[in-house]
Amino acid sequence: MLTVVLAGLRGRWASFVGGFTALALGVGLVTVMGLGLSATVGADERAPVRFASSPVVVQGQDRLAVEVRRGPNTAVATAPLDRPQPVDAALLRELRARWTVTTNGPLDAVGVDGPADEVRALVQRVTGEAAGGHPGPGADRAGVRNEARNGARVLTGAERRAVDPEAARDARALVTLNALLGTSGGVTAFVSVFVVASTFAFAVALRRREYGLLRTAGATPGQIRRLLLTEATAVGVLASAAGCALGAWGAPRLARALVDGGVAPAWFTVTASAAGWPYHAAFWTGLAVAVAGALAASRRAGRIGPTAALREADVDADALPRGRALCGAVLLLGGLGLLVWTYATDPAELLKRKTYTTLPMPLITGVALLSPALVRPLARAVRLPERLTGATGMLVRENSAAAVRRTAAVAAPVLVTVALAGTLLGASGTVGAARAAESARQPAGAPTSLFVRDGAEALVKYGARAVSGTAAPAGLDDGSIVVTEEFERHRVGDTVEIWRTDGSGPVRLRVAGVLPRGAGGNDPLVTPANAPGVGTPRGAPERAHAAPAPGRPGGSSQTRLGLALVLGIALLYTVIALANTLLMATSARGPELASLRLAGTTRAQILRTVAYEALLATALGAVLGLAVCALCLGTLGAGLAALGAPVTPSVPWAALAKTGAVCAAVAAVGAVLPAWRLTR
């Protein structure tokens, strides 16, 4: 068996190049993402800067602490303030009376040259906190409120970095980086499995006569299956090893690109030898993908009978097996059901980046699996201009409809890339436009924050605006607030209990107006009296929805870089899949092209025919991808409308046109080059 496998790999190496390249690239990217994620672990343990020489740091109130209900008991929920408050004056006097106190910048924190336990005991006595910085089991409501009003933290060791100016910014950057690497890794796994499985399936279809000859020579179906799985294992081991080496080379370079793009902190680096688990995870994942991708194809290969050795017809009579049709239908219907269910139960979920990145994937996979049944009627419906193509147009149409496996194998990767580009860029642009329109409609005001209990169990922080004068809506005064429909109490005349941006409160305000929930660009409105110290906050307010809209700090450049990385991965895989599929398919058409030459067809006509066939298959894949885009973006638009947000569809026509042009060029070249060699 091993001798036959090695001989097959040597003799048919060209048919394995595409699968090897796709798998090696996938393993390399997974390695890069794993090394990047491992580099973020422990990143917050960097040495303190602001108070590097002080063994203890006392920080002013940095978080709001509010008593909430947790079952039959009570607990303390906390939320970060926009900026730390100054250290309590009485506490500062006692600290200076006992130890050397260092101030470096604003008095939101001070360095203390004293024993940590003694400093902590002093802070607890002055501020009234219980041991550990939180109320003990017997603390009453007044004690909780005292902590919320006068809370201070004692920081030692690596904790002292929390008062560095860039600490909050770096923490947000690491969260963004983790999300980006995780999303890119998921898309890489999805596309690599798809491409590798398609490559093995198409290779089996091209080798039907070879397997028929092996069956005629006495090979059993089990031996055919083991032969194919052994080939996949050999390719998987080699490709995974190459991918790990590629990932080790690419990880430091990706880290520099992320730093230059503003996604990662300036100090972020990735060392290829920093961790071993990313290599293990990537290698074994690559091997599993190769074997899993060949598993379904091996079952089909095992069902090939000896009579396949005599088969000469180019019409694909069984291009959509029942198993593939069933899986495709389940995924397509499941994706549609998930889309409708999300819209019906929580339209705001459709606006989240994680949601509009993952929701299209079942639809894409389902349509791709069903593509052999879809491309035949679409191909027959095409009518190429006779004055441009003549009889070639009819030949192209009929060849594409007859060779369904080849047409579907070319259309599928184009479908994946067009659908991902359209849904990701379109959803991001549509949500961003809706948020920008909402923000533009709101009265001008200074950014602030406020805190509200969500029921009795949680504390929620909202971004808000402080407005006054003619900018304030009618009815808004120092004793009222304009809320959004996200608030638990959101009827005019209701009373809402809030804590202000500096942690002061609670304050009971009357609801003077209600804004629609919208896309996340509608903020609650208060007067400056309820927004002490308004100005540019230290950190972007936490919202219940997705990334900031274009025009809001911290969202647009990182979003564009993340989408560019994801779509670049998909496009690269598409190029590999197209080139490999067409090189294999056209190289196997030697007898067909020779028959055309004997019938009087010129070499130029043959080259035009194979090029038109490749372009037609690419166009069919683009059409199917656009159908998925229209479905996803249409549901997103309906969700925005249900939330009361402005709907401005943003279809990335330029990106789709560029993607289509790249796919068409690669497809045409991949078809013409082997045809030119065969017709010399």
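Overview of the structure. (Residues numbered from 1 in each chain as written. Predicted model: local features only at pLDDT ≥ 70, side-chain atom pairs only at ≥ 80, totals over all residues. Heavy atoms only, no water.)

Here we come to the overall build of the protein. Along the backbone of the protein there are 20 helices and twelve strands. For the protein, buried positions account for 49% of its 680 residues. Pairs at least 24 apart in sequence give 80% of the contacts found in the protein among residues at least 6 apart. Total accessible area computed for the protein in this model is approximately 29,700 Å², and 61% of it derives from carbon and sulfur atoms. (Helix = DSSP H or I, 4+ residues; strand = E, 2+ residues; numbered from the N terminus. Buried < 20%, exposed > 50% of the residue type's maximum accessible area, 1.4 Å probe, protein only. Contact = heavy atoms within 4.5 Å. Areas by Shrake-Rupley, 256 points an atom, 1.4 Å probe, with all protein chains shown as cover.)

Let us now look at the pattern of salt bridges. Inspection of every chain in the model, using the stated rule, returns 14 salt bridges. With a closest N to O distance of 2.7 Å, Arg453 and Glu497 form a salt bridge. Of the two residues, Arg453 sits in strand 7 (residues 446–454) while Glu497 sits in strand 10 (residues 495–499), which places them 44 residues apart along the sequence. The class for Arg453 is buried, based on a relative accessible area of 18%. (Salt bridge = Lys/Arg side-chain N within 4 Å of Asp/Glu carboxyl O.)

Moving on to the environment of Glu485. Here Glu485 shows up in the loop between strand 9 (480–484) and strand 10. Relative accessible area serves as the criterion here: at 41%, Glu485 is assigned to the partly exposed category. Those residues in contact with Glu485, other than ones at most four positions away along the chain, are His490, Val514, Leu515, Pro516 and Arg517. Separated by 3.4 Å, the side chain of Glu485 and the backbone nitrogen of Arg517 make a polar contact. (Polar contact = N/O pair within 3.5 Å; in protein donor to acceptor, adjacent residues only side chain to side chain.)

Let us look at helix 10 (residues 322–345). Helix length check: helix 10, at 24 residues, gives a terminal C-alpha distance of 34 Å against a target of 34 Å (1.5 Å per residue), a fit within 8%. Those residues of helix 10 that sit buried are Gly328, Gly335, Leu339 and Thr342. Considering only its buried residues, helix 10 is in contact with helix 12 (360–369) and helix 19 (603–642). (Expected span 1.5 Å × (residues − 1).)

The N-to-C vectors of helix 13 (residues 371–381) and helix 16 (residues 404–441) enclose an angle of 105 degrees; their axes lie 9 Å apart at closest approach. In terms of axis orientation, helix 13 runs roughly perpendicular to helix 16. Between helix 13, through Ser371, Pro372, Val375 and Arg376, and helix 16, the contact on the second element is made entirely by Val404, Thr407, Ala408 and Ala411. Here the residues of the contact of helix 13 with helix 16 are counted per class, giving five nonpolar, two polar and one charged. (Axes fitted to C-alpha atoms, helices over the stretch in contact; angles between N-to-C directions. Parallel < 35°, antiparallel > 145°, perpendicular 65-115°, else oblique. Nonpolar A, V, L, I, M, F, W, Y, C, P; charged D, E, K, R; others polar.)

Attention now goes to the sheet that holds strand 1 (residues 56–59). Picture the strands of a sheet paired through backbone hydrogen bonds; they go either parallel or antiparallel. Within the open sheet, the four strands sit side by side as 4-5-1-6. Their pairing is antiparallel. Each edge of the sheet is formed by a strand with only one pairing partner; in this case those strands are strand 4 (100–102) and strand 6 (153–156). Across the sheet, the mean angle from the axis of one strand to that of its neighbour is 30 degrees, orientation sign disregarded. Inspection of the sheet shows strand 1 paired to strand 5 (residues 109–113) by four bridges, in the antiparallel sense. Across the sheet, residue Val57 finds its bridge partner in strand 5, namely Gly111. (Pairing = 2+ DSSP bridges.)

Where strand 7 meets strand 10, two bridges bridge the pair, whose relative direction is antiparallel. Each bridged residue has a counterpart across the sheet, and for Val452 the counterpart in strand 10 is Ile498. Note that strand 10 and strand 11 (residues 507–515) share four bridges and pair antiparallel. Bridge pairing in strand 11 links Glu497 to Arg508.

Quick look at the packing of helix 10 against helix 19 now. At a minimum axis distance of 10 Å, the contact between helix 10 and helix 19 shows a crossing angle of 10 degrees. Regarding the angle of helix 10 to helix 19, the classification is roughly parallel. In this structure, helix 10 uses Leu336, Leu339 and Tyr343 to contact helix 19, whose residues at the interface are Leu631, Cys632, Thr635, Ala638, Gly639 and Ala642. In terms of residue class, the contact of helix 10 with helix 19 is made up of seven nonpolar, two polar and no charged.

Our focus in this paragraph is the side chain of Arg160. Tracing the chain through its elements places Arg160 in the loop between strand 6 and helix 6 (167–206). From its side chain, Arg160 meets the backbone oxygen of Gly157 in a polar contact 2.8 Å long. Residues in contact with Arg160, not counting those within four places in the same chain, are Pro48, Phe51, Ala52, Ser54, Pro55, Val57 and Leu155.

Using the criterion set out here, one finds two aromatic pairs in the structure. Measuring from centroid to centroid gives 5.1 Å for Phe283 and Trp284, while their planes differ by 90 degrees, and the two rings are edge-to-face. Ring geometry for Tyr462 against Phe487: centres 4.6 Å apart, planes inclined by 20 degrees, an arrangement best described as stacked. You can see Tyr462 sitting in strand 8 (residues 458–466) and its partner Phe487 sitting in the loop between strand 9 and strand 10, a full 25 residues away along the chain. The same class applies to Tyr462 and to Phe487, which are both buried. (Phe/Tyr/Trp six-rings, centres within 6.5 Å; stacked < 30°, edge-to-face > 60°.)

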